[in-house]
Amino acid sequence: MSTAGFNSQNGTGTGQTYTNGPSQNPVALQQPPGVGYGMNHQPAYNPMQAKVLGPPNPALYASGPHQPVPPGPQLGSYPPPPAQPLLTRPQIGVLPSHTPPQSASPGPGPRQAQATPPAQATPPPPAVTSTSYYTGPPAWQYAAPRGPAPNHVNPAAAAPSHSSAQPPGPGAPPTSIHGYPQPGTAPPPMNPPPPHTYQPNRPAYGPPPTAPPARPPGATGTPPPPKVDAQCWGAASSARPPTEPDTQEGDVECPGDVAGNGPQAPNSYNHVDNRMAGAAQPGPPGRHLGHYPSLPPGYQNTLAPPPSSLHPALQAATQPYTQGPQPYQQQPGGPGPDQLSPSMAAMSLQSGTPEALRVVNLLQERNLLPPAPVPAPTPCLTQDLQKLNCSPEVFRCTLTSIPQTQSLLNKAKLPLGLLLHPFKDLSLPVVTSSTIVRCRSCRTYINPFVSFLDQRRWKCNLCYRVNDVPEEFMYNPVSRSYGEPHKRPEVQNATIEFIAPSEYMLRPPQPAVYLFVLDVSHNAVETGYLSVFCQSLLDNINALPGDSRTKVGFITFDSTIHFYNLQEGLSQPQMLIVSDIEDIFLPTPDSLLVNLNECKELVQDLLKSLPNLFEKTMETQSALGSALQAAFKLLSPTGGRMSVFQTQLPNLGVGALQSREDPNQRASAKDVQHLSPATDFYKKLALDCSGQQVAVDLFLLSAQYCDLASLGCISRFSAGSVYYYPSYHHQHNPAQVERFQRDLKRYLTRKIGFEAVMRIRCTKGLSIHTFHGNFFVRSTDLLSLPNVNPDAGFAVQMSIEENLDDMQVVSFQAALLYTSSKGERRIRVHTMCLPVVSSLSDVFAGADVQAVTGLLACMAVDRSVTSSLSDARDAMTNAAIDSLSSYRQSALTIQQPGLLAPACLRLFPLYILALLKQKAFRTGTSTRLDERVFAMYQLKYQPLAFAMLMIHPALYRLDDLSDEGALNINERTIPQPRVLQLSVEKLSREGAFLMDAGLVMYLWIGRNCHQNFLSQVLGVSSYAAVPEKLCLLPELDTAESQRTRALVSWLRDQRPFFPSLHIIRDESQLKPHFMQNMIEDRTESALSYYEFLLHLQQQISK
Ligand SMILES: [Zn+2]
């Protein structure tokens, strides 16, 4: 357990492999190894630094309190999963049936590919030039003073650009002035609430009144009148070019890798049956827990506390994460909401303590879960500011009160970072304006948290420079009046989108280009995925985001690479086979990516015939690497999206991999191996792709080990997505098939942004140093996102470089510049404002336990790869120990016995334990390597709300659903059952329980389940009649059925992916998976929640 953890993960220090994403530090390239990035002067608290503490050892605690696990060989011995022939499949045949491979590699002359349907010699169409697809009006020049032109789009063309991040503007920012107008010095007219709420959905504001705003001198084109309209996603039709001055690109290498390992076999949980027999009553009194004391009374109470004992904010929270923040409940006598940063410092434990700081003895208070999903805390800001603040769905900080100094942050022992969901599907205001107002010094976009010194000057809230208000900005399109710059939509909306003028473009905006790369080996055909894919694309082909310029192309591969000439004028698609996979070339480069509108019929023909084309193939080899190289060549000139479907370990040519998973070693190995990639081929190719604005999305459908740790790099560094369907089979696994279909539909039709970059800025004094997610860091703080999708999350870590003494608030701004599928260059800007506090209590009071957990999960993934899984696990445990120790020692004024936590962190130990039991980090023998690696990807890439479901699933009782407290959405009644603790204690044989674990849901039916539920919801006459593999709720015309289906589909609608539903009986094969999520219970390799608390207490009191 080294203590170098974070630094190495940050790209410096000792780590060679970086974990996911750009957890890299570009600066490292300019620094000697070992120099911490940006934190040299003050070592930041690194919660992931493992202490040399004994990890909790389940063996110490002989019998868990909650779940007596009979020790016995059957617990440790997991039967191998049925029907999982790992690895090598028998050679099926040698000859590919569809084509005689051409083994001799063509000479240096013009090479040829074989065309199956006799190729009618089509003269190659004129080469596509970089501009030929640009159909919009000529980019109009606009001579506004700007920062240096960005050139993030085409690095090749823009080689000389340098990565000067944030050019210092003329005139140093007045550092002595701070962000908020001090009373007396400046008029306070910052952002008074607008007369009426700005409505993002209202139709476009009309043209300005008769007197148009004065045009800035020098504007040569005809800038459109300022106009604001609102669009859900999407795009207007006028093509305008892209790029952000914001985005000087840097050429910095960003390493990173994820890791994971461990197959998954169902474990035997028969012991739960024993437990279940007595589940109706509380556990027998006086059970002992090893050398720990017997359970305190509070722990034997399995009943939830009456709602009245819950925090009002939690009671009020009946909405899942999609809701906005619940207003924080101030104690009546507490600081008024109108004070800036109400000081909670002088709290005493007797009175006036904010609810967030209510002391909770975790060993005594058992029922800590709120009845509904945990809401995000609301920062302590004035109502005016809070009303304008960014939604926590988009932007969250681990600490909603920012510590004044790094040393204060270090004391709190909590990680400081941001979690973002920047491209979330939102209804947001869109501004078309020839002038995008930004700080001349730091390039921050004007936002609700700047201050206006007077009508003509505004002060930047990030660097404090005073800027002029441009003439055009004086006109307010909302009120259609002049002289109210503070009422402009840019200053009234923390989330806003601009249609960017031409200086934000380095080249004409690219068209939407989609290339599909399909595995057609024998293995692939066996799974049956190809017909599902083809049908899905046929069904959705008109819904692909794009415009008249949209292009598509297809490549299939097994041991050879097959291209498809779809050029207009052909009577049928023409397949061209390239068998020289060592030196891949494009047979007819100009006719492989075709205009979708012009060639739609040929494309449809191809999709209809593809599944049959390879029906009888015997080719078992997979030259994935060469196929990817070919696809890269094809997409390089334009950029675009590459969708790769792979069903096996690539075993031929470049990028070939070997199996690294040995199930037999899972039990014996001390740590999980092979979490990092076996080759850098996929990462290098991903970086090439990133440089050409190509993102690669990977769909992995396989029953076998595919080395996702290596393959996944292709998506991770190119800002792609990874989808994984273990054990996919069109007949044997209907649940996976449905999931794949639903996911595909979403994937094909969801919004997409091309050639994107994102920069995150924060108030001077704060510094961002580590990034998590799928992307490549181009310069110190510029994330390169060849594609951006609405389902991607990001996280960053921060440190406090300079004391924030004089500041009452700080701000964070994420700017995402992208090209819409309609060819518009757009900039989406989110700005969040948070208070600064000076006392440790206030820091604790503002902790956002879910954000902290989400960030720690990202950090732990990095740590697992750069160091080891056990190291990461220790570090997570220590994060809980350290923060609670610090709270006890420094923030509590009255000491009392027990394991104490502030109410806002009361779920922290539970979430940490949940992480330790999560697929990504758990020990034991049941986790397959690819599934572990996939879970790690998910933790880093999922927006927080979905990551939390993976970490701590929600459990509901379904057999007694009622309409009490139900939501009513579109005239549908959605029951809102209470969220239950994840413990078998909460189950009952008479009931039916739904577990929502994010990507998967289980509906567990108790052995003695009420007849009513069986017949009215499942449509069966008895428990025994529940089918073994049921994954659909029958549509019965009963109130019970409607309620149940309404709840399940509503839960599904909350997320962008489709969770499969497994309806399982008590003896189902899947029951172990269900039981593994019972986080509060003891398992063969992990502590129960109560044991874990005792472990924490022991460490804290050391
Ligand atoms: Zn500034």
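Predicted model only: the values in this text are computed from it and were never measured.

How each quantity is defined
Residues numbered from 1 in each chain as written. Predicted model: local features only at pLDDT ≥ 70, side-chain atom pairs only at ≥ 80, totals over all residues. Heavy atoms only, no water. Helix = DSSP H or I, 4+ residues; strand = E, 2+ residues; numbered from the N terminus. Buried < 20%, exposed > 50% of the residue type's maximum accessible area, 1.4 Å probe, protein only. Contact = heavy atoms within 4.5 Å. Areas by Shrake-Rupley, 256 points an atom, 1.4 Å probe, with all protein chains shown as cover. Donors = N, O, S within 2.8 Å, 3.2 Å for Na, K, Ca; no water. Tetrahedral: all angles 85-135°; square planar, octahedral: opposite > 155°, others 65-115°. Pairing = 2+ DSSP bridges. Axes fitted to C-alpha atoms, helices over the stretch in contact; angles between N-to-C directions. Phe/Tyr/Trp six-rings, centres within 6.5 Å; stacked < 30°, edge-to-face > 60°. Lys NZ or Arg CZ within 6 Å of the ring centre and 35° of its normal. Parallel < 35°, antiparallel > 145°, perpendicular 65-115°, else oblique. Nonpolar A, V, L, I, M, F, W, Y, C, P; charged D, E, K, R; others polar. Polar contact = N/O pair within 3.5 Å; in protein donor to acceptor, adjacent residues only side chain to side chain. Left-handed = near helix turned anticlockwise from the far one by under 90°. Salt bridge = Lys/Arg side-chain N within 4 Å of Asp/Glu carboxyl O. pLDDT = per-residue confidence, 0-100.

A. Geometry of the overall build of the protein chain. When helices and strands are counted, the protein chain shows 27 helices and 35 strands. Taken across its 1102 residues, the protein chain has 65% of its residues classed as buried. For the protein chain, the share of sequence-separated contacts (at least 6 apart) that also reach a separation of at least 24 residues comes to 80%. Summed over all atoms, the accessible surface of the protein chain reaches about 37600 Å², with 54% contributed by carbon and sulfur.

B. Looking closely at the coordination of the zinc ion. Protein ligation of the zinc ion involves Cys439 (SG), Cys442 (SG), Cys460 (SG) and Cys463 (SG), the donor distances falling in the range 2.2 to 2.3 Å. One can describe the site at the zinc ion as tetrahedral: its 4 donor atoms subtend angles covering 100 to 115° at the metal. Each donor residue of the zinc ion belongs to the same chain, and together they define the spacing C-x2-C-x17-C-x2-C. With Cys442 in the loop between strand E7 (428-432) and strand E8 (451-454) and Cys460 in the loop between strand E9 (457-459) and strand E10 (466-468), the pair connects residues that are 18 residues apart, well separated along the chain.

C. Local environment of the sheet that holds E10. Strand order in the open sheet formed by 3 strands is E8-E9-E10, and the pairing between neighbours is antiparallel. Each edge of the open sheet carries a strand with a single partner, namely E8 and E10. Each strand axis lies, on average, 35° off the axis of its neighbour in the sheet, ignoring direction. The pairing of E8 with E9 spans 3 bridges and is antiparallel. Bridging across to E9, Phe452 finds its partner in Trp458.

D. Spotlight on the pairing of strand E35 (residues 1060-1065). Across the 6 residues of E35, 6 count as buried, placing the element largely inside the fold. Here E35 shows a buried face lined by Ser1060, His1062 and Ile1064 and a second buried face lined by Leu1061, Ile1063 and Arg1065. Pairing analysis gives 6 bridges linking strand E34 (residues 1000-1005) to E35, with the strands arranged parallel. Paired with Trp1004 across the two strands is Ile1064, which belongs to E35.

E. Inspection of the packing of aromatic side chains at higher detail. The full count for this structure, using the stated rule, is 27 aromatic pairs. Aromatic ring contacts, followed pair by pair, group Phe516, Tyr529, Phe533, Phe554, Phe645, Phe699, Tyr723, Tyr725, Tyr728, Phe740 and Tyr747 into a single cluster. In this structure, Arg438 is placed above the aromatic ring of Tyr445, and the distance from its NZ or CZ to the ring centre is 4.1 Å. Positioned over the ring face of Phe717 is Lys683, at 5.2 Å from the centre of the ring.

F. Focus on the packing of helix H19 (residues 849-866) against helix H23 (residues 944-951). Packing of H19 against H23 leaves a shortest axis separation of 10 Å and a crossing angle of 80°. When the interaxial angle is binned, H19 and H23 end up roughly perpendicular. Between H19, through Gln850, Ala851, Thr853 and Gly854, and H23, the contact on the second element is made entirely by Leu944, Met948 and Ile951. Considering only residue class, the contact of H19 with H23 consists of 4 nonpolar, 3 polar and no charged.

G. Representation of the side chain of Gln813. Its location among the elements puts Gln813 in strand E27 (residues 809-820). A polar contact of 3.0 Å, which involves the side chain of Gln813, links it to the side chain of Thr831. Residue contacts for Gln813: discarding those within four places in its chain leaves Phe395, Thr444, Tyr445, Asn447, Arg759, Ile760, Arg761, Val829, His830 and Thr831.

H. Broad picture of the environment of Ala903. Secondary-structure assignment places Ala903 in the loop between strand E29 (900-902) and helix H21 (908-917). Residue classification places Ala903 among the buried residues on the basis of a relative accessible area of 2%. C-alpha of Ala903 to C-alpha of Pro354: the two residues are 549 residues apart in sequence and 9.3 Å apart in space.

I. Expanded view of the pairing of strand E15 (residues 551-557). Buried residues dominate E15, accounting for 7 of its 7 residues. Of the two faces of E15, the one carrying Lys551, Gly553, Ile555 and Phe557 and the one carrying Val552, Phe554 and Thr556 are both buried. Across 7 bridges, the pairing between strand E14 (residues 513-519) and E15 is parallel. Looking at the pairing, Tyr514 lines up with Val552 of E15. Across 2 bridges, the pairing between E15 and strand E18 (residues 594-595) is antiparallel. Across the sheet, Lys551 pairs through a bridge with Asn595, a residue of E18. Note: E15 against strand E16 (residues 561-565), 3 bridges, orientation antiparallel.

J. Here's a closer look at the packing of H19 against H21. Two elements in contact, H19 and H21, have axes whose closest approach is 10 Å; the angle formed by their N-to-C orientations is 30°. When the axis of H19 is compared with that of H21, the two are roughly parallel. Crossing of H19 over H21 shows right-handed handedness. The residues of H21 that touch H19, namely those facing Val849, Gln850, Val852, Thr853, Leu856 and Ala857, are Phe908, Tyr911, Ile912 and Leu915.

K. Just unusual backbone geometry, in detail. Phi is positive for Ser727, close to 55°, though the residue is something other than glycine. Mapped onto the secondary structure, Ser727 falls in the loop between strand E21 (722-726) and helix H17 (734-749). Taking relative accessible area as the criterion, Ser727 reaches 25% and is therefore assigned partly exposed.

L. A look at the sheet that holds strand E26 (residues 794-800). Spatially, the 4 strands line up as an open sheet ordered E4-E6-E26-E23, and their pairing is antiparallel. Looking along the sheet, the strands with just one partner apiece sit at the ends: strand E4 (395-397) and strand E23 (766-772). Strand-to-strand twist across the sheet, computed as the mean angle between neighbouring axes with direction ignored, equals 25°. In terms of strand pairing, strand E6 (residues 417-420) meets E26 through 4 bridges, oriented antiparallel. The residue bridging Leu419 from the neighbouring strand is Ala795, located in E26. Relative to E26, H19 is tilted by about 95°, and along the sheet it contacts E4, E6, E23 and E26.

M. Highlighting helix H14 (residues 681-691). When you tally the buried positions in H14, you get 9 out of 11 residues, the bulk of the element. Taken together, the buried positions of H14 are occupied by Phe681, Tyr682, Lys683, Leu685, Ala686, Leu687, Cys689, Ser690 and Gly691. One or two steps after H14, the chain reaches Gln693, where phi turns positive at roughly 60°.

N. Spotlight on the pattern of salt bridges. All chains considered together, the criterion is met by 36 salt bridges. A salt bridge links Glu824 to Arg826; the nearest nitrogen and oxygen atoms lie 2.9 Å apart. You can call Glu824 buried: its relative accessible area is 1%. A salt bridge links Arg1043 to Asp963, with the shortest nitrogen-to-oxygen separation between them at 2.8 Å. A residue pair is termed long-range when its members are at least 10 positions apart, and Arg1043 in helix H25 (residues 1039-1053) and Asp963 in the loop between strand E30 (954-957) and strand E31 (967-969) qualify at 80 residues. When salt bridges with common partners are traced through the structure, they connect Arg1007, Glu1028, Arg1065, Asp1066, Glu1067 and Lys1071 into a single cluster.

O. Looking closely at the side chain of Gln736. By the secondary structure assignment, Gln736 is in helix H17. Taking the relative accessible area as the measure of exposure, Gln736 reaches 9% and is therefore buried. Leave out the neighbours within four places in its chain, and Gln736 touches Tyr725, Pro726, Ser727 and Tyr728.

P. Expanded view of the confidence of the model for the protein chain. Of the residues in the protein chain, 67% reach a pLDDT of 70 or more, and the chain-wide mean stands at 75. The low-confidence segment residues 1-43, where pLDDT is below 50, has 137 contacts with residues more than four positions distant or belonging to other chains. For residues 50-110, every residue scores under 50 in pLDDT, and the model assigns this stretch 146 contacts once sequence neighbours within four places are set aside.

Q. Focus on the environment of Arg761. Mapped onto the fold, Arg761 is located in strand E22 (residues 753-762). Looking at Arg761, the relative accessible area reads 3%, which means it is buried. Separated by 50 residues in sequence, Arg761 and Ser811 have C-alpha atoms that sit 8.3 Å apart. From its side chain, Arg761 meets the backbone oxygen of Cys442 in a polar contact 3.0 Å long.

R. Examining H21 more closely. Across the 10 residues that make up H21, a large majority, 10, are buried. Where H21 is buried, its residues contact H19, helix H20 (869-891), H23 and helix H27 (1089-1100).

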